[in-house]
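One letter stands for each residue in the lines below.
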Amino acid sequence: MSCMRTKSRFFLLCMIFVVFYSGFSYAEDKGMYPIEVEQDYYGEFAMSKCPSLVFISEAPQAYFKVFGEWPETFQAIIDEGLIRDNLTIDGEHVISPDDGILDGYYDRLYIYRGPQTPPQIATMGSVKLSENAQEHADSTGFISTLPDGSTAMSLPNLKPLHVYAEQSKRKLESDPDLNANASEARYGGNLAAHKLMAIAYMCMVGSGEYHAVYGTFPANEDWEQFVDTGFCPVTSDMLNPATGMPFNTDGSPFSLDFMHLPNGSFTVSVHGDNGDYVKAW
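Conventions used here
- Residues numbered from 1 in each chain as written.
- Predicted model: local features only at pLDDT ≥ 70, side-chain atom pairs only at ≥ 80, totals over all residues.
- Heavy atoms only, no water.
- Helix = DSSP H or I, 4+ residues; strand = E, 2+ residues; numbered from the N terminus.
- Buried < 20%, exposed > 50% of the residue type's maximum accessible area, 1.4 Å probe, protein only.
- Contact = heavy atoms within 4.5 Å.
- Areas by Shrake-Rupley, 256 points an atom, 1.4 Å probe, with all protein chains shown as cover.
- Expected span 1.5 Å × (residues − 1).
- Polar contact = N/O pair within 3.5 Å; in protein donor to acceptor, adjacent residues only side chain to side chain.
- Pairing = 2+ DSSP bridges.
- Axes fitted to C-alpha atoms, helices over the stretch in contact; angles between N-to-C directions.
- Phe/Tyr/Trp six-rings, centres within 6.5 Å; stacked < 30°, edge-to-face > 60°.
- Bend = angle between axes of the 7 residues up to and from the residue.
- Lys, Arg positive; Asp, Glu negative; His and termini not counted.
- Salt bridge = Lys/Arg side-chain N within 4 Å of Asp/Glu carboxyl O.
- Parallel < 35°, antiparallel > 145°, perpendicular 65-115°, else oblique.
- Left-handed = near helix turned anticlockwise from the far one by under 90°.
- Nonpolar A, V, L, I, M, F, W, Y, C, P; charged D, E, K, R; others polar.
- Core = buried A, V, L, I, M, F, W, Y, C linked by side-chain atoms within 4.5 Å.

## A closer look at the overall build of the protein chain
Then step 1. Of regular secondary structure, the protein chain possesses eight helices and nine strands.
Then step 2. Here the protein chain holds 281 residues, and 43% of them are scored as buried.
Then step 3. Here the analysis covers contacts within the protein chain between residues at least 6 apart in sequence; of these, 51% occur between residues at least 24 apart.
Then step 4. Summed over its atoms, the accessible surface of the protein chain is roughly 15,100 Å², and 54% of this surface lies on carbon and sulfur atoms.

## A closer look at unusual backbone geometry
Then step 1. In this structure, Phe254 takes a positive phi of about 65° despite not being glycine.
Then step 2. By secondary structure assignment, the location of Phe254 is in the loop between helix H8 (223–229) and strand S7 (256–260).

## Some remarks on helix H7 (residues 191–214)
Then step 1. If you check H7, its first and last C-alpha atoms are 34 Å apart, about what 24 residues at 1.5 Å a residue would give, namely 34 Å.
Then step 2. A distance of 3.1 Å separates the backbone nitrogen of Ala192 from a side-chain oxygen at the start of H7, and that oxygen is part of Asn190.
Then step 3. Phi turns positive, to about 80°, at Gly215, one or two residues after H7.

## Some points on the sheet that holds strand S8 (residues 266–271)
Then step 1. On the basis of which strands lie adjacent, the open sheet formed by three strands has the order S7-S8-S9 and antiparallel pairing. Strand pairing shows two members of the sheet lacking a second neighbour, S7 and strand S9 (277–278), which therefore form its edges.
Then step 2. Set on the sheet, H7 makes contact with S7, S8 and S9; between it and S8 the angle comes to about 160°.

## Section: the packing of aromatic side chains
Then step 1. According to the stated counting rule, one finds 13 aromatic pairs in the structure shown.
Then step 2. Summarising the aromatic geometry, the rings of Tyr187 and Phe254 are spaced 6.1 Å apart at their centres and angled 80° between planes, so their arrangement reads as edge-to-face. Taken together, the positions of Tyr187 in helix H6 (residues 182–187) and Phe254 in the loop between H8 and S7 put the pair 67 residues apart, joining distant regions of the chain. Taken as a pair, Tyr187 and Phe254 share a single burial class, namely buried.
Then step 3. Ring centres 5.4 Å apart and planes at 80° place the aromatic pair Phe226 and Phe258 in the edge-to-face group. One end of the pair, Phe226, is in helix H8; the other, Phe258, is in strand S7, with 32 residues separating them in the sequence.
Then step 4. Given a relative accessible area of 4%, Phe258 falls into the buried group.
Then step 5. Among the aromatic residues, ring-to-ring pairing joins Tyr210, Tyr214, Phe217, Trp223, Phe226, Phe231, Phe258 and Phe266 into one connected group.

## Comments concerning helix H2 (residues 51–67)
Then step 1. With 17 residues, H2 extends 24 Å from end C-alpha to end C-alpha; this agrees with the ideal 24 Å at 1.5 Å per step.
Then step 2. Considering bend angle alone, the principal kink of H2 is centred on Glu58 and spans about 30°; proline Pro60 follows within four residues of it.
Then step 3. For H2, a buried count of 14 out of 17 residues is recorded, marking the element as mostly surrounded by other parts of the structure.
Then step 4. Just past H2, the residue Gly68 takes up positive phi, approximately 80°.

## Describing the side chain of Asp107
Then step 1. Considering the arrangement of structural elements, one finds Asp107 in the loop between helix H3 (74–79) and strand S3 (109–111).
Then step 2. Despite its burial, Asp107 pairs with no opposite charge, the nearest such side chain being Arg108 at 6.8 Å.
Then step 3. A distance of 3.2 Å separates the side chain of Asp107 from the backbone nitrogen of Asp103, its partner in a polar contact.
Then step 4. Excluding anything up to four places from it in sequence, Asp107 contacts Ile95, Ser96, Asp99, Ile101, Leu102, Ala122 and Thr123.

## Thoughts on the packing of H2 against H7
Then step 1. Two elements in contact, H2 and H7, have axes separated by 9 Å at closest approach and are oriented at 155°. When the axis of H2 is compared with that of H7, the two are roughly antiparallel. The hand of the H2/H7 crossing is right-handed. On H7, the residues that touch Val54, Phe55, Glu58, Ala59, Ala62, Lys65, Val66 and Phe67 of H2 are Leu191, His194, Lys195, Ala198, Tyr201, Met202, Val205, Gly206 and Glu209.
Then step 2. Per-class residue counts for the contact of H2 with H7 are 11 nonpolar, two polar and four charged.

## Some thoughts on the nonpolar core
Then step 1. Ranked by size, the top nonpolar core spans 52 residues in total, and within it Phe74, Ile83, Cys203, Trp223 and Leu256 carry the most contacts.
Then step 2. The dominant element in this core, judged by the number of residues it contributes, is H7, at 10 residues.
Then step 3. Once residues within four sequence positions are removed from consideration, Ile83 is found in contact with Phe55, Ala59, Phe74, Ile77, Ile78, Met202, Pro233 and Met238.
Then step 4. Residues Leu102, Leu109, Ile111 and Ala122 belong to the second largest nonpolar core, which totals five residues.

Listed below in structure tokens is the structure:
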């Protein structure tokens, strides 16, 4: 009996692994990018990166940095032009964060909890929490209206100091020298510039994921490829909020600038309209 129970347990684990791994068999060109293949007792499995999973949590934070409050729906972020609307994990199913239903492992739900309370992102399955997260009750919530086994994780608790307009205001108040703070004085009240700063920040986050897959950060001349891979928060047909034209990296006013710094670090900046840079922190 013990032997049969062991064999049954092993068979179940194998079946679970087959289902899990099959989701990655075509991952490279359908939303999930394997970065390395490892092997354990049950066989090979792929360690992967997924741009959409990054942006599902980053896009609401980008919205907060622009508007100073959390969006009521994920669609509100799309409507403001901050994020593309074709986020997918498996390349087949587009994630629908506002429909109230978890359709499978590839889906996520956006749970609004108020303008100043961090929203949650719900997913099917359990999430193993760190000791620090377990000590803070707000780090996770189990939503009774979702299927059994669903978990909703809270996004970081952003404060006014994360909001771009507030940052500019505080910097100018602390140092009124306009020559030193020209960009803050020039762009500190420009909503379109703030949107572009938020997109640039998400481009930088996506570039980090891109680096994990390709071993290098994207350059300005790689813009179209970067967009096509999905590691970019915007698509080629989306419009730059500051220009009303497609995004580019050609050095023109309000274009993005992928900067490989001498010390080996990487950042994405925004050209201003006066030969300067729109600052982001």
